[in-house]
Amino acid sequence: MRLAVNIDHVATLRNARGGNEPDPVTAAQVAELAGAEGIVCHLREDRRHIRDRDLRLLRSVVKTKLDLEMGAAEEIIGIALDVVPDLVTLVPERRQELTTEGGLDVAGQKEFLKDVVKQFHGKKIRVSLFVDPVPMQIEAARGVGADVVELHTGEYANARKERDIQECLVALEQAAKLGKSLGLGVNAGHGLNYMNTGPVASITEIDELSIGHAVITRAIFVGIERAVREMLVLVKGVPKGSE
Ligand code: PXP
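Given the structure is predicted, the values throughout are model-derived calculations rather than measurements.

Definitions and limits used
Residues numbered from 1 in each chain as written. Predicted model: local features only at pLDDT ≥ 70, side-chain atom pairs only at ≥ 80, totals over all residues. Heavy atoms only, no water. Helix = DSSP H or I, 4+ residues; strand = E, 2+ residues; numbered from the N terminus. Rg over C-alpha atoms; globule rule 2.2 N^0.38 Å. Contact = heavy atoms within 4.5 Å. Lys, Arg positive; Asp, Glu negative; His and termini not counted. Charge placed at Lys NZ, Arg CZ, Asp CG, Glu CD. Buried < 20%, exposed > 50% of the residue type's maximum accessible area, 1.4 Å probe, protein only. Arc of directions from axis to C-beta. Axes fitted to C-alpha atoms, helices over the stretch in contact; angles between N-to-C directions. Parallel < 35°, antiparallel > 145°, perpendicular 65-115°, else oblique. Left-handed = near helix turned anticlockwise from the far one by under 90°. Nonpolar A, V, L, I, M, F, W, Y, C, P; charged D, E, K, R; others polar. Pairing = 2+ DSSP bridges. Right-handed = clockwise from strand over helix to strand, strands pointing away. Polar contact = N/O pair within 3.5 Å; in protein donor to acceptor, adjacent residues only side chain to side chain.

Draft legend 1. Layout of the overall build of the protein. Of the regular secondary structure elements, the protein holds ten helices and eight strands. Over its C-alpha trace the protein gives a radius of gyration of 19 Å, about what one expects of a compact globule, namely 18 Å for 243 residues. The principal-axis extents of the C-alpha atoms in the protein amount to approximately 70 × 45 × 30 Å. For the protein, contacts bridging at least 24 residues in sequence account for 66% of all contacts bridging at least 6. A gap of 4 Å separates the mean positions of the 31 positive and 36 negative side-chain charges of the protein.

Right, here's the structure in full:
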């Protein structure tokens, strides 16, 4: 199973100050050096985090695989066709949401999505559809010509009762098996963290996990001690004995 790291929230932090730091492109390079097998970013219509400049730079520096998450809006489709990521992952996008909520209703917009998939295939871009782990949507994804389904793990991540968690895991496993049996690649993601990733990672039919928020927030805590020590050296001068 591969890990693809979503670096959107590095851009969120950068945008909070209106400057250039931290740069999500640098974050992508460090993530790849650490072993990430793919980089994911979401160019939203509202440009809340990733910007056009980030996407174009990512395209030129990412060495593993660039997965562009996006809503199927005309403007973003045009940009994607121009930038040519390795994979596009189509997600539903609503202006007011905090993050992607719910999977794409593929079954309800087959003709539209068939046309979108065709446009990407014309540029040799593989297409993934972000769907809830329900058979109807996975079969519809196959029907519109998608190459990959990304199973939405949000309901699993939000479940609190053990019985609900187990039910969600069964649904994810069955969905992954169905996807594979239809010849689709199977990715999964959303809300996965250091506590809940293990059971999903043990579903052998899943090829790749897409994880963002947990990795970026963890980076703060594993990095803060060193960051403070480095600043202390500047504030207090070089520590005695190390001149
Ligand atoms: N996959 C998709 C389709 C998403 O929209 C997101 C959120 O951007 C993720 C994976 C990553 O979710 P998280 O940031 O919770 O790890």
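Draft legend 2. How the structure looks around helix H1 (residues 8–17). For H1, every residue scored as buried is listed here: Asp8, Val10, Ala11, Arg14 and Asn15. End-on, the buried residues of H1 take up no more than an arc of 155 degrees, which puts them together on one face. Exposed side of H1, more than 90 degrees from the buried face: Ala16 and Arg17 are the residues found there. In the core, the buried residues of H1 are packed alongside strand E1 (2–6), helix H2 (24–34), strand E2 (38–42), helix H3 (52–61) and helix H10 (213–236). Backbone geometry just after H1 places Gly18 at a positive phi near 70 degrees.

Draft legend 3. The packing of H3 against helix H4 (residues 74–83), seen in detail. Two elements in contact, H3 and H4, have axes separated by 11 Å at closest approach and are oriented at 25 degrees. Between H3 and H4, the crossing angle belongs to the class labelled roughly parallel. For the element pair H3 and H4, the recorded crossing hand is right-handed. Note on element contacts: H4 touches H3 through Ile79, Asp82 and Val83, opposite Asp52, Leu55, Arg56 and Arg59. In terms of residue class, the contact of H3 with H4 is made up of three nonpolar, no polar and four charged.

Draft legend 4. View of the pairing of strand E6 (residues 148–152). Among the five residues of E6, five are classified as buried, and the element is accordingly described as predominantly covered. Every second residue of E6 is oriented toward a common face, with Val148, Glu150 and His152 on one face and Val149 and Leu151 on the other, all of them buried. As judged from the four bridges shared by strand E5 (residues 126–131) and E6, these two strands associate in the parallel manner. Residue pairing for E6: Leu129 is matched across the bridge by Val149. In this fold, E5 hands off to helix H6 (residues 135–143), which returns the chain to E6; that crossover is right-handed.

Draft legend 5. Just the sheet that holds E1, in detail. Taken together, the eight strands give a closed barrel; going around it, the order is E1-E2-E3-E4-E5-E6-E7-E8, and neighbouring strands pair in parallel fashion. When strand polarity is set aside, the average angle formed by the axes of neighbouring strands in this sheet is 25 degrees. Bridge analysis of E2 against strand E3 (residues 66–70) gives four bridges, and the strand direction is parallel. Note on E3: the bridge partner recorded for Ile39 is Leu66. Running at roughly 175 degrees to E6, helix H8 (residues 162–181) makes contact with E6 and strand E7 (185–189) of the sheet.

Draft legend 6. Region of interest: unusual backbone geometry. Here the residue pair Glu21 and Pro22 is connected by a cis peptide bond, since its omega of -5 degrees sits within 30 degrees of zero. Among the structural elements, Pro22 can be located in the loop between H1 and H2.

Draft legend 7. A look at the side chain of Asn15. Position of Asn15 among the secondary structure elements: in helix H1. Judged by its relative accessible area of 18%, Asn15 falls in the buried class. Only 3.1 Å separates the side chain of Asn15 from the backbone oxygen of Arg48, close enough to count as a polar contact. Polar side-chain contacts of Asn15 include one of 3.0 Å to the backbone oxygen of His49. Once residues within four sequence positions are removed from consideration, Asn15 is found in contact with Arg47, Arg48, His49 and Arg51.

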